[in-house]
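# Fold and geometry: a report
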Amino acid sequence: MTDLAARTGRVASFAGLRGTGWATKAALLVLLAVAVLAVAGPALAPQDPLAQNPAAALQEPSLTHLLGTDYLGRDVLSRLFAGAPASLLSAVSAALIGLVLGAVPGALSAFVPRAAEWLSLRAVDALLALPFILFAIVFAALLGNGLVQATLAIGILVAPGFFRIARAATLRVRDSQYIDAAGYLGASSWWILSRHVWRQVAPTLVVASVSALGGALLAVASLTFLGIGVQPPAPTWGGMLSSDLGYLGQRPWGPVAPALAIILTVGALNLVADAARDGLAHV
């Protein structure tokens, strides 16, 4: 009974159910608000995010426009809400693509022959050496300038990180006695991975996924800032930041709203990832 209580306490600590600092709690609240925006952002927008009113361009914040208007008279708050799904869901999709493309081969690489292991490591090194922005631009030029293509490009570039993390975590448990015993009994590498290794590797990958979400969001914002992925007038946080920079003389605080949205979301993700990593160290 005592052992069960101790295990329950360790799991609760890892999940953040106890001992969570105020910063982590605040980060979780931010992520909850961000998740709501990712699902229902356009529905929560107080006005039409695409409606133009040149007569009301570059207005200061008011009761009608809480964050003011942009250079075409569009409500900034509405565009911020409406642009959340494209920015956030693309980051989530890119992280999931990177997880699938990187974690599975990374774990398998610990069990394949030396030649296949060497080839996989060289392929990962080659991907890590690619300049990110240049690769994304070339990828979009070859397959078309769309959000799906940009998301796939980010996922491919995120995959090597997951590969290395999964491989390192797998190597730590590969030489365990129960893994050797399963091999002696004739178990295949895939069976050992699915039944024994994944449960040991999964917590590490969860932490890496949360951390990768922040990087993926920054990547999506960078590409949309450059006009890659989502084309105007569709709102995105990176696109809003780009358009506001052209009117700093008339509206110097214009980029603050989309920049804060990106900074707060990435910061919250990093805080939660750090808390999860600390919890994992005590499990």
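See the structure shown above.
Residues numbered from 1 in each chain as written. Predicted model: local features only at pLDDT ≥ 70, side-chain atom pairs only at ≥ 80, totals over all residues. Heavy atoms only, no water.

### A word on the overall build of the protein
For the protein, the helix and strand inventory stands at eleven helices and zero strands. When the elements of the protein are put in sequence order from the N terminus, they spell out α-α-α-α-α-α-α-α-α-α-α. Principal-axis analysis of the C-alpha atoms places the extent of the protein at approximately 75 × 50 × 25 Å. By residue count, 39% of the 283 residues in the protein fall in the buried class. (Helix = DSSP H or I, 4+ residues; strand = E, 2+ residues; numbered from the N terminus. Buried < 20%, exposed > 50% of the residue type's maximum accessible area, 1.4 Å probe, protein only.)

### Looking at the packing of aromatic side chains
Tallying each qualifying case throughout the model produces two aromatic pairs. Between the aromatic rings of Tyr 71 and Tyr 247, the centroid separation amounts to 4.9 Å while the plane-to-plane angle is 10 degrees, which identifies the pairing as stacked. Pair noted here: Tyr 71 is in the loop between helix H2 (22-44) and helix H3 (76-82) and Tyr 247 is in the loop between helix H10 (237-245) and helix H11 (256-281), with a separation of 176 residues, a long-range link. Given a relative accessible area of 30%, Tyr 71 falls into the partly exposed group. Since its relative accessible area comes to 30%, Tyr 247 is described here as partly exposed. Aromatic side chains Phe 135 and Phe 139 sit 5.6 Å apart centroid to centroid with 35 degrees between the ring planes, which places their arrangement in the tilted category. Taken together, the residues span about one helical turn, with Phe 135 and Phe 139 both in helix H6 (residues 132-143) at a distance of four residues. (Phe/Tyr/Trp six-rings, centres within 6.5 Å; stacked < 30°, edge-to-face > 60°.)

### Considering the side chain of Thr 265
Along the polypeptide, Thr 265 turns up in helix H11. According to the relative accessible area criterion, Thr 265 is buried, its value standing at 3%.

### Quick notes on the nonpolar core
Formed by 47 residues in total, the largest nonpolar core has its most connected members in Leu 88, Ile 154, Val 197 and Trp 237. Ranked by the residues each element gives to this core, the list is headed by helix H9 (residues 189-225), at 13 residues. Dropping the residues within four chain positions of it, Ile 154 is found in contact with Ala 94, Phe 132, Ala 216, Ala 219, Val 220 and Leu 223. Formed by seven residues, the second largest nonpolar core is a distinct cluster that contains Leu 31, Ala 268, Leu 269 and Val 272. (Core = buried A, V, L, I, M, F, W, Y, C linked by side-chain atoms within 4.5 Å. Contact = heavy atoms within 4.5 Å.)

### Describing H10
Of the positions making up H10, those classed as buried are Trp 237, Gly 238, Met 240 and Asp 244. Taken end-on, H10 shows its buried residues confined to a sector of 160 degrees, consistent with a single buried face. (Arc of directions from axis to C-beta.)

### Some points on the environment of Glu 60
Within the secondary structure layout, Glu 60 lies in the loop between H2 and H3. Sequence-wise, Glu 60 and Gly 254 are 194 residues apart; in three dimensions their C-alpha atoms are separated by 9.5 Å. The residues contacting Glu 60, other than those within four sequence positions of it, are His 65, Gly 68 and Trp 253. At 3.3 Å, the side chain of Glu 60 and the side chain of Trp 253 are in polar contact. (Polar contact = N/O pair within 3.5 Å; in protein donor to acceptor, adjacent residues only side chain to side chain.)

### Notes on the environment of Gly 98
Within the element layout of this structure, Gly 98 appears in helix H4 (residues 84-108). It is 10.0 Å that separates the C-alpha atoms of Gly 98 and Thr 151, two residues lying 53 residues apart in sequence. With sequence-adjacent residues up to four places away left out, Gly 98 is seen in contact with Ala 103, Gly 155, Val 158, Ala 159 and Phe 162.

### Here we look at the side chain of Thr 236
With respect to the helices and strands, the residue Thr 236 is situated in the loop between H9 and H10. Among all residues touching Thr 236, those that are not within four sequence positions of it are Gly 83, Ala 86, Ser 87, Thr 224 and Val 230.

### Points about the pattern of salt bridges
For the coordinates displayed, the defined rule picks out eight salt bridges. Of the charged contacts, one joins Asp 244 and Arg 251 as a salt bridge, the two residues approaching to 3.3 Å between their closest N and O atoms. As far as burial versus exposure is concerned, Asp 244 and Arg 251 are alike and both buried. In this structure, the salt-bridge partner of Arg 277 is Asp 274, at a minimum N-O distance of 2.8 Å. Of this pair, Arg 277 and Asp 274 are both found in helix H11, three residues apart, which corresponds to roughly one turn of the helix. You can call Arg 277 partly exposed: its relative accessible area is 38%. Its relative accessible area of 37% is what places Asp 274 among the partly exposed residues. (Salt bridge = Lys/Arg side-chain N within 4 Å of Asp/Glu carboxyl O.)

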